[in-house]
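Residue-level structural notes
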Amino acid sequence: MFILDDLLLRPFVGIIDALHSIALDELYDMEALEDDLKENQLLYELGERSDEEYRRRKEELEAEIETAREVHERLSSGRVEVKR
């Protein structure tokens with residue numbers, strides 16, 4: 001029974017694991033987050049963003065970048081997997 005389960009389920013788990021990794025990579029796009037951080041700085045320097053709004057957005061983006069860095073680290077080390 002266990003052998004049959006492995007033969008039938010393992011390919012699907014592999015596909016789901018790959019899709020999960022791709023989704024996390026897309027959701028936590030480091031380059032896009034860093035571009036948003038640069039855009040925030042530019043808007044502040046041009047006077048289109050207040051000091052308070054700039055600092056709030058900067059903190060948000062830095063927290064997102066840190067989370068994305070952790071997710072990418074886990075993806076590259078293989079520690080993220082789909083539970084069955």
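In what follows, the structure referred to is the one given above.
Rules and cut-offs
In every chain, residue numbers begin from 1 and rise along the written sequence. Predicted model: local features are reported for residues with pLDDT of at least 70 only, side-chain atom pairs are reported and counted for 80 or more only, and whole-chain, interface and lining totals are derived from all residues. To get the side-chain values, all heavy atoms of the structure are used, and hydrogens and water are removed first. We count a salt bridge whenever a side-chain nitrogen from Lys or Arg sits within 4 Å of a carboxyl oxygen from Asp or Glu. Throughout, exposure labels follow a simple rule: accessible area from a 1.4 Å probe, protein chains only, divided by the maximum for the residue type, with under 20% read as buried, over 50% as exposed, and the rest as partly exposed. What counts as a helix is a DSSP run of H or I of at least four residues, what counts as a strand is a run of E of at least two, and both are numbered from the N terminus. Pairs of residues are marked as contacts when any of their non-hydrogen atoms sit within 4.5 Å. Think of a nonpolar core as a cluster: buried Ala, Val, Leu, Ile, Met, Phe, Trp, Tyr and Cys residues, connected wherever their side-chain atoms sit within 4.5 Å. Geometry of aromatic contacts follows a simple scheme: Phe, Tyr and Trp rings, the Trp one being its six-membered ring, pair when their centres are within 6.5 Å, and the pair is stacked under 30 degrees between planes, edge-to-face over 60, tilted otherwise.

1. Considering the pattern of salt bridges
A full pass over the atoms with the stated rule returns six salt bridges. As a salt-bridge pair, E53 and R49 come within 3.7 Å of each other at their nearest N and O atoms. Using a relative accessible area of 32% as the deciding quantity, one classes E53 as partly exposed. Note that E62 and K58 form a salt bridge whose closest N and O atoms lie 3.9 Å from each other. Of this pair, E62 and K58 both sit in helix 3 (residues 51–77), four residues apart, roughly one helical turn.

2. What to know about the side chain of N40
In this fold, N40 is placed in helix 2 (residues 30–45). In this view, N40 contacts R49, Y54, R57, K58 and L61; residues no more than four positions away in its chain are not counted.

3. Thoughts on the nonpolar core
Of all hydrophobic cores here, the largest spans five residues; its members are M30, L33, L61, I65 and A68. Sorting the residues of this core by element identifies helix 2 and helix 3 as the ones contributing at least two each. When residues of this core are assigned to their parent elements, the largest contribution, three residues, is made by helix 3. Ignoring sequence-local partners within four residues, the contact set of A68 consists of Y28, M30 and L33.

4. Here's the deal with the packing of aromatic side chains
Applying the stated criterion to the full structure yields one aromatic pair. Centre to centre, the rings of Y44 and Y54 are 4.3 Å apart; their planes meet at 15°, and the pair counts as stacked. Of this pair, Y44 sits in helix 2 while Y54 sits in helix 3, and the two are ten residues apart along the sequence.

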